[in-house]
Protein chains: 2
Amino acid sequence: MALVVVGGVAAGLSAAARARRLDARLEIIVLEKGPIISYGACGLPYFVEGRVAEARQLIVYTPEYFRKERRIDVRTNARVASISHPRREVVLASGARVPYERLVIATGARCDASMIAGANQPHVFTLHTLDDAERMRAFLRKRKPQTAAVIGAGYIGVEAADALRRNGLAVTVMEASSHALSRDDAALTDAVRKQLERHHVELRTGVRVNTIDELAYDIVVVAAGFKPNVELAADAGIEVGRTGAIRTDDRMETNLRGVYAAGDCAEVGHLVSGRPTWIPLGTTANKTGRVAGANAAGGRERFAGVVGTSIVSIFGMGFATAGLSVAQAKAEGFDPVSARIEAYAKPRYYGGTKTAVDLVADRATRRILGGSVIGEDGAAGRINVVATALETRMRVDEFEQLDLAYAPPFSTVWDPLLIAAQQLMKEF
Amino acid sequence: MALVVVGGVAAGLSAAARARRLDARLEIIVLEKGPIISYGACGLPYFVEGRVAEARQLIVYTPEYFRKERRIDVRTNARVASISHPRREVVLASGARVPYERLVIATGARCDASMIAGANQPHVFTLHTLDDAERMRAFLRKRKPQTAAVIGAGYIGVEAADALRRNGLAVTVMEASSHALSRDDAALTDAVRKQLERHHVELRTGVRVNTIDELAYDIVVVAAGFKPNVELAADAGIEVGRTGAIRTDDRMETNLRGVYAAGDCAEVGHLVSGRPTWIPLGTTANKTGRVAGANAAGGRERFAGVVGTSIVSIFGMGFATAGLSVAQAKAEGFDPVSARIEAYAKPRYYGGTKTAVDLVADRATRRILGGSVIGEDGAAGRINVVATALETRMRVDEFEQLDLAYAPPFSTVWDPLLIAAQQLMKEF
């Protein structure tokens, strides 16, 4: 009896590969509904932009590689229609049945454009699959659109806006909520808006688009309405949590024994709030896939959880966040204290530019709850320090003394993170 | 009665400024032996190189600034001849006496070139003060030397070599020990050697220079023989530790009550080894100065300690280390396990280059003991994650699941740090 994995992108293939490492003889079958596996979905905007020349550069592994090198039976264009757990079998849209002993569900998420009327027109795109990106790039080259609307100011939305603007289009981003990057943080949204405007991209928040026909743009990118693909699981009796994603324990097991979920379709624990969360990111997909695959192969591994670390480049400026914003911390029941500073990321004499750091801590315990870093230089490294501090429940008075590296080509002697921590200490 | 601070660079001025913040009325006197205060000593190689145009760009604050804005009495050219603690007074070389109630000793370190015969010749330089750097740059411009020897392959030595090479000189670095960057780590030394050679700088290890006359070079930079300036303190009855630097407790207080030491002259606790260490760095100088100043002004602050995080750029490549190397871990009584990997710092499709990561952990507890990161991209941010993990005594199995930021312009979905941790986990 086999381990069957539903989904052949990040989480699914991580699960399959990890299971193979733990059990050299296990039969492993990966069912991917699309024609291609293992593509770097996060690279799609850069392919649309043209920075990545060929779509195949985004493909990491082929089914042949998995078959030959890992003895994993990867089947493409294999759409699963249903899961019958009592029979321990997966039913394909073709009618074929694939029996399993253990199952990993890695069905991912989707951008549900169907909620917007007229989204099936040829100038309307989502940016989720390699095929989406190829069609969009072909449209840009052949039809030479001049104006673009991007619906949604989350990561994919702003990356798409950046890519389109670099192709010379006049771009407007429309976001239904009051904030960008899916984070309730007014200062962050202001900074995103300023950076977009500096590059002649307009950001309109609080704008809900109901029908494409409202929009007089040559091309429309829908990057909103993301939701986890849970229908298959739910129909099979697998519990979905309050986030709307599949509920899992810290072994990535669902309520059905022997059935695991991983990646963008699954909930994970949030190490700051202590509650299940749904933050679909490639990093988490790979990690949870690995854990699900290990456990499905008889291992005993734990996924610790996430702190929601993410970063996006908008015209060369990094916007990075981790943990909770002040508003999010309040919503989670904390009494947050925060400080926001601007400081040079390198000495001025070394040509340093300013970086903005925001830190949030809990008033009672001084525990750091979250932060953001905005800068052309070092934003990823700095948010990763915040993330590490969050995972270890560090207090701000401990954080303030972190022994961070310094040399003029890299930072200032008081790193902006430490200056932010000093400022935050004054708030207690 | 006053707080007197001996030394007006990083630690001394941090102490004075912090004391002023805590006590608006305290009389604070800073005695600096040289003509200039508050210069960025770490910027000196970049001034020699020519990247920093003017020496004054390295000066952060003037005595006038401290007098007017902080009401701190900064006296330059005020060389302290002795400290009489029974009398609570400092005696200047001029014969003047300055009484104190609390004292902060921030006398720094020096490069002792006198151990090399002939070091007082006009073509021989150290690179410690602004005056050193100005004289060296003037020599380069007027005398147009063609060949250079740098004695010492520590941070300042390799930075000086980089600066001289960029000025067109043929440069040879001579290091008495078998390793570069003051770290017993053969792989790191190999990487330094390769990077220097790629830029036509020769590194000769195991070469002790006894007399300048052995060396037929147009210019010689002595960047070896660093030692803490402890004589003044020792003569006053202040204890010096086994490292040769002034012994302090975690409040930066010496064995004499009310007398504090901070910066390059002082020992601090090492958070990995648990023992006093002497790692003279600007970051630690500023932090320990701040703590010493706070406590000298009646506060009660603690300096947690260091993990020895440092970074240096060698021709654009970052060489970063934190904690202990395998050899150092063994010397401290650990049973270390280590892994070294090379991985792309960004996706190849995004033009990523490779970075090398080394992680060391304790076999029994899996606690991370140290690491190094070598790369053109992101080395500072990555070593800072290692540093944060070291400060929180993180285990490698925890580190392996760190929620690090990912987007193609910044990193790979599996950050090289996580790949190194996965590799290290296989060693247990």
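Residues numbered from 1 in each chain as written. Chains lettered and ligands numbered in written order. Predicted model: local features only at pLDDT ≥ 70, side-chain atom pairs only at ≥ 80, totals over all residues. Heavy atoms only, no water.

A.B. asks: Quick question: what am I supposed to make of the overall build of chain A here?
C.D. replies: Looking only at helices and strands, chain A has 12 helices and 22 strands in total. Each principal axis of the C-alpha atoms in chain A carries an extent, and together these give about 65 × 50 × 40 Å. Within chain A, the fraction of its 428 residues that count as buried is 61%. Pairs at least 24 apart in sequence give 65% of the contacts found in chain A among residues at least 6 apart. Summing over all exposed atoms, chain A offers an accessible surface of approximately 16,600 Å²; the carbon and sulfur share of this is 46%. Averaged over its 54 positive side-chain charges, chain A has a centre that lies 3 Å from the centre of its 48 negative ones. (Helix = DSSP H or I, 4+ residues; strand = E, 2+ residues; numbered from the N terminus. Buried < 20%, exposed > 50% of the residue type's maximum accessible area, 1.4 Å probe, protein only. Contact = heavy atoms within 4.5 Å. Areas by Shrake-Rupley, 256 points an atom, 1.4 Å probe, with all protein chains shown as cover. Lys, Arg positive; Asp, Glu negative; His and termini not counted. Charge placed at Lys NZ, Arg CZ, Asp CG, Glu CD.)

A.B. asks: Which parts of the structure should I look at to understand the interface of chain A and chain B?
C.D. replies: A common way to report how large an interface is uses the accessible area buried once the components associate. With 57 residues of chain A at the interface, the matching set in chain B holds 57 residues. Considering only the surface of chain A that becomes buried against chain B, Tyr349, Gln401 and Asp403 of chain A emerge as the three largest contributors, covering 16% of it. Across the contact surface, chain A and chain B share 2 salt bridges. Here Glu400 of chain B makes a salt bridge to Arg290 of chain A, at a shortest N to O gap of 3.1 Å. (Buried area = accessible area lost by both parts, 1.4 Å probe. Salt bridge = Lys/Arg side-chain N within 4 Å of Asp/Glu carboxyl O.)

A.B. asks: Explain the sheet that holds strand E2 (residues 28-31) of chain B here, please?
C.D. replies: Two pairing modes exist for strands in a sheet, parallel and antiparallel, and in both the strands are linked by backbone hydrogen bonds. Residue and element names in this part refer to chain B. The 5 strands lie next to each other as E3-E2-E1-E7-E15, forming an open sheet whose pairing is parallel. Each edge of the open sheet is held by one strand with a lone partner, namely strand E3 (73-75) and strand E15 (259-261). If you compare each strand with its neighbour and ignore which way they point, the axes differ by 15° on average. (Pairing = 2+ DSSP bridges. Axes fitted to C-alpha atoms, helices over the stretch in contact; angles between N-to-C directions.)

A.B. asks: Honestly, the packing of aromatic side chains in this entry has me stumped. Any pointers?
C.D. replies: Two numbers describe a pair of aromatic rings. These are the distance of the centres and the angle of the planes. In this structure the tally under the stated criterion is 10 aromatic pairs over all chains. Here Tyr65 of chain A and Phe66 of chain A contribute two aromatic rings whose centre-to-centre distance is 5.6 Å and whose plane-to-plane angle is 85°, an arrangement assigned as edge-to-face. Looking at Phe66 of chain A, the relative accessible area reads 2%, which means it is buried. When the centroid spacing of 5.2 Å and the interplanar angle of 65° are considered together, the rings of Phe125 of chain B and Phe139 of chain B count as edge-to-face. Separated by 14 residues along the polypeptide, Phe125 of chain B in strand E9 (residues 124-125) and Phe139 of chain B in helix H4 (residues 130-143) bring together distant segments of the chain. Here the two residues Phe125 of chain B and Phe139 of chain B agree in accessibility, since each one is buried. (Phe/Tyr/Trp six-rings, centres within 6.5 Å; stacked < 30°, edge-to-face > 60°.)

A.B. asks: Would you mind going over the pattern of salt bridges with me for this structure?
C.D. replies: Side-chain pairing between opposite charges can occur once the charged atoms of the two side chains come close. Enumeration over the complete set of coordinates arrives at 50 salt bridges over all chains. Of the charged contacts, one joins Arg135 of chain A and Asp131 of chain A as a salt bridge, the two residues approaching to 3.5 Å between their closest N and O atoms. Note that Arg135 of chain A and Asp131 of chain A are positioned in helix H4 (residues 130-143) at a spacing of 4 residues, about one turn of the helix. Taking relative accessible area as the criterion, Asp131 of chain A reaches 45% and is therefore assigned partly exposed. One salt bridge connects Glu89 of chain B with Arg97 of chain B, and the closest N-O pair in it is separated by 2.4 Å.

A.B. asks: Hey, could you run me through the relation of the copies chain A and chain B in this one?
C.D. replies: Superposition of the two copies of the chain requires a rotation about an axis together with a shift along that axis. Screw-axis analysis of chain A against chain B gives a translation of 0.0 Å along the axis, an RMSD of 0.0 Å, and a rotation angle of 180°. Between the two chains, the operation in question is that of a two-fold axis. If distances are taken from each C-alpha of chain A to the rotation axis, the shortest is found for Gly381 of chain A, at 1.7 Å. Taken together, the interface assignments show that 100% of the residues at the interface of chain A recur at the interface of chain B, consistent with an identical surface on both copies. (Least-squares fit on C-alpha atoms with pLDDT ≥ 70 in both.)

A.B. asks: Can you help me understand unusual backbone geometry in this one?
C.D. replies: One can expect most non-glycine residues to show negative phi and most peptide bonds to be in trans. Within the chain, Arg88 of chain A stands out as a residue other than glycine whose phi angle is a positive 50°. Tracing the backbone shows Arg88 of chain A in the loop between strand E4 (80-84) and strand E5 (89-92). At Asn77 of chain B, a residue that is not glycine, the phi angle is positive and equals roughly 50°. Structurally, Asn77 of chain B can be placed in the loop between E3 and strand E4 (80-84).

A.B. asks: Can you help me understand the pairing of strand E21 (residues 354-362) of chain B in this one?
C.D. replies: Residue and element names in this part refer to chain B. Counted residue by residue, E21 has 8 buried out of 9 residues, so it is predominantly covered. Both strand E20 (residues 336-344) and E21 contribute to a ladder of 9 bridges, which runs antiparallel. Each bridged residue has a counterpart across the sheet, and for Ala343 the counterpart in E21 is Thr355. Sheet topology note: the E21/strand E22 (residues 368-375) ladder contains 6 bridges and is antiparallel. Opposite Leu359, over in E22, you have Gly371 as the bridge partner. Turn length for the E21-E22 hairpin, with the two strands adjacent in sequence and antiparallel, is 5 residues, and the turn residue Arg366 shows positive phi of about 65°.

A.B. asks: Honestly, the sheet that holds strand E12 (residues 201-205) of chain A in this entry has me stumped. Any pointers?
C.D. replies: Residues and elements named next belong to chain A. As summarised here, the arrangement of the 5 strands in space is E9-E13-E10-E11-E12, forming an open sheet in which the pairing is parallel. Strands at the two margins of the open sheet, each flanked by one partner only, are strand E9 (124-125) and E12. Note: E9 against strand E13 (residues 219-222), 2 bridges, orientation parallel. Within the sheet, the bridge partner assigned to Phe125 lies in E13 and is Val221. Running over the sheet, helix H5 (residues 155-166) touches strand E10 (147-151), strand E11 (170-175), E12 and E13 and is turned about 170° from E11.

A.B. asks: Teacher, can you tell me more about the state of the cysteines here?
C.D. replies: Two cysteines joined by a covalent bond between their sulfur atoms form a disulfide. All names here are of chain A. Taken as a whole, this structure holds 0 disulfides over all chains when the rule is applied. Summary of cysteine pairing: Cys111 is not part of a disulfide, and the nearest cysteine sulfur, belonging to Cys42, is at 15 Å. Here Cys265 stays free of any disulfide, with the sulfur of Cys42 as its closest cysteine sulfur at 16 Å. (Disulfide = S-S within 2.5 Å.)

A.B. asks: Just checking my understanding: could you explain the side chain of Glu267 of chain A for this structure?
C.D. replies: Residue and element names in this part refer to chain A. Residue position: Glu267 is located in the loop between strand E15 (259-261) and strand E16 (268-269). Put simply, Glu267 is tucked away with no salt bridge, and the nearest opposite charge, on Arg247, sits 4.6 Å away. In this structure the side chain of Glu267 is engaged in a polar contact, spanning 2.8 Å, whose partner is the side chain of Thr243. (Polar contact = N/O pair within 3.5 Å; in protein donor to acceptor, adjacent residues only side chain to side chain.)

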